[in-house]
Amino acid sequence: DIQMTQSPSSLSASVGDRVTITCRASQDIRKYLAWFQQKPGKAPKSLIYAASSLRSGVPSRFSGSGSGTDFTLTISSLQPEDFATYYCQQCNNYPFSFGPGTKVDIK
Amino acid sequence: EVQLVESGGGLVQPGGSLRLSCAASGFTLSSYWMSWVRQAPGKGLEWVASIKQDGSEKYYVDSVKGRFTISRDNAKKSLYLQMNSLRAEDTAVYYCARDESWNPDYWGQGTLVTVSS
């Protein structure tokens with residue numbers, strides 16, 4: 001099974017900051033990676049698929065990059081509504097697996 | 001508007017069974033893979049199972065194999081998760097999700113399953 005790791009596990013940032021979250025797969029997953037945002041008590045929201053493609057309606061300040069085993073999610077200018085937990089998920093091999101999450105909170 | 005509405009959660013004793021349902025609207029269910037994802041209290045997301053458009057392929061996380069069954073009725077616009085031999089560690093919010101390009105693009109609001117005596 002493919003193991004997913006994320007770093008950091010949490011970070012504190014200010015509105016307007018550039019934020020980068022890293023996701024690493026235990027083996028090559030090509031570009032079969034997605035990113036999700038979740039706020040407390042809410043369902044996850046899909047942000048990015050195929051490593052770098054933005055889901056419809058997602059603001060352009062979100063971007064994704066990477067392939068193989070190393071991936072990043074970047075928020076170019078953090079907005080108040082972006083404080084949340086972010087998860088990556090690989091869909092290259094079953095069982096599909098999520099990373100442990102990165103919590104982004106207010107500095 | 002795409003909508004996914006889960007139901008069927010509740011309190012069940014260890015060893016018991018529960019059937020979750022997900023009502024889909026705003027899109028053609030038969031055109032999409034569908035998945036169940038769960039989240040234990042205070043924990044991260046865990047993929048549980050996925051099913052192909054016509055139900056001919058099903059995949060499960062190891063921890064539920066042989067106990068859970070994913071199914072669908074495209075005519076009724078519904079996705080299901082039959083959960084048997086439930087354990088305390090199955091306690092979680094269960095989300096129904098539509099898959100696009102192999103991972104979820106839309107999620108339901110979730111239904112809570114609590115396994116406890």
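Up top is the structure these notes are about.
Just so you know, these numbers come straight off a predicted model, no measurement behind them.

**Describing the interface of chain B and chain A**
Counting from both sides, the interface comprises 24 residues of chain B and, opposite them, 18 residues of chain A. In this assembly, chain B packs against chain A so that about 1700 Å² is buried in total across both faces, 62% of it on carbon and sulfur atoms. Of all residues in chain B, the largest losses of buried area upon contact with chain A belong to L45, W47 and W102 of chain B, amounting jointly to 36% of the total for that side. Applying the counting criterion to the chain B and chain A interface returns zero salt bridges. Taken together, the connections running from chain B to chain A amount to nine residue pairs in polar contact (both at pLDDT 80 or more). Elements supplying a minimum of two residues to the side of chain B that touches chain A: β4 (34-39), β5 (45-51), β6 (58-60), β9 (92-100) and β10 (103-107) of chain B. The element best represented in the side of chain B that touches chain A is β10 of chain B, accounting for five residues. Its residues placed into classes, the side of chain B that touches chain A shows twelve nonpolar, seven polar and five charged.

**Observations regarding the sheet that holds strand β8 (residues 70-75) of chain A**
In any sheet, the strands associate via hydrogen bonds between backbone groups, in a parallel or an antiparallel arrangement. Residue and element names in this part refer to chain A. Taken together, four strands build an open sheet; the order of strands is β1-β3-β8-β7 and the sheet is antiparallel. Taken across any chain shown, the strands that pair with only one partner, and hence form the sheet edges, are β1 (4-7) and β7 (62-67). For this sheet the average axis-to-axis angle between neighbouring strands, irrespective of direction, equals 20°. In terms of strand pairing, β7 meets β8 through six bridges, oriented antiparallel. In the strand pairing of β8, S63 is matched with T74.

**Brief notes about the pattern of salt bridges**
For the coordinates displayed, the defined rule picks out nine salt bridges over all chains. Across the pair R61 of chain A and D82 of chain A runs a salt bridge whose closest N-O atoms are separated by 2.8 Å. One end of the pair, R61 of chain A, is in the loop between β6 (53-54) and β7; the other, D82 of chain A, is in the loop between β8 and β9 (84-90), and 21 residues separate them in sequence. Looking at R61 of chain A, the relative accessible area reads 18%, which means it is buried. For D90 of chain B, the salt bridge identified is with R38 of chain B, shortest N-O distance 3.0 Å. Residue D90 of chain B is located in the loop between β8 (78-83) and β9, and its partner R38 of chain B is located in strand β4; the two are separated by 52 residues in the primary sequence. Three or more residues joined by partner-sharing salt bridges are found here, namely R38, E46, R67 and D90 of chain B.

**Quick look at the packing of aromatic side chains**
Applying the stated rule across the entire model yields twelve aromatic pairs over all chains. Seen from their ring centres, F62 of chain A and Y86 of chain A are 6.4 Å apart, and the 40° between their planes marks the pair as tilted. With F62 of chain A in strand β7 and Y86 of chain A in strand β9, this residue pair connects regions lying 24 residues apart in the sequence. In this structure, F62 of chain A and Y86 of chain A share a single accessibility class: buried. Judged by centre distance (5.5 Å) and plane angle (55°), the ring pair of W33 of chain B and W102 of chain B falls under tilted. On the criterion of sequence distance, the pair formed by W33 of chain B in the loop between β3 (18-25) and β4 and W102 of chain B in the loop between β9 and β10 is long-range, its members being 69 residues apart. When its relative accessible area of 12% is taken as the criterion, W33 of chain B is described as buried. An aromatic cluster is built from Y94 and F96 of chain A together with W33, W47, Y59 and W102 of chain B, whose rings are joined through pairwise contacts.

**Description of the state of the cysteines**
As enumerated under the stated definition, the model contains two disulfides over all chains in all. Across the disulfide from C23 of chain A sits C88 of chain A; the S-S distance is 2.1 Å. Its torsion about the S-S bond being 75°, the disulfide of C23 of chain A and C88 of chain A is classed as right-handed. In this pair, C23 of chain A sits in strand β3 (residues 19-25) while C88 of chain A sits in strand β9, placing the two residues 65 residues apart along the sequence. Here C23 of chain A matches C88 of chain A in class, with each residue buried. One disulfide bridge connects C22 of chain B with C96 of chain B, the sulfur atoms lying 2.0 Å from each other. In this structure the cystine formed by C22 of chain B and C96 of chain B twists about its S-S bond by roughly -65°; its chirality is therefore left-handed. Pair noted here: C22 of chain B is in strand β3 and C96 of chain B is in strand β9, with a separation of 74 residues, a long-range link. Each of the two residues, C22 of chain B as well as C96 of chain B, counts as buried.

Thresholds applied
Residues numbered from 1 in each chain as written. Chains lettered and ligands numbered in written order. Predicted model: local features only at pLDDT ≥ 70, side-chain atom pairs only at ≥ 80, totals over all residues. Heavy atoms only, no water. Contact = heavy atoms within 4.5 Å. Buried area = accessible area lost by both parts, 1.4 Å probe. Salt bridge = Lys/Arg side-chain N within 4 Å of Asp/Glu carboxyl O. Polar contact = N/O pair within 3.5 Å; in protein donor to acceptor, adjacent residues only side chain to side chain. Helix = DSSP H or I, 4+ residues; strand = E, 2+ residues; numbered from the N terminus. Nonpolar A, V, L, I, M, F, W, Y, C, P; charged D, E, K, R; others polar. Pairing = 2+ DSSP bridges. Axes fitted to C-alpha atoms, helices over the stretch in contact; angles between N-to-C directions. Buried < 20%, exposed > 50% of the residue type's maximum accessible area, 1.4 Å probe, protein only. Phe/Tyr/Trp six-rings, centres within 6.5 Å; stacked < 30°, edge-to-face > 60°. Disulfide = S-S within 2.5 Å.

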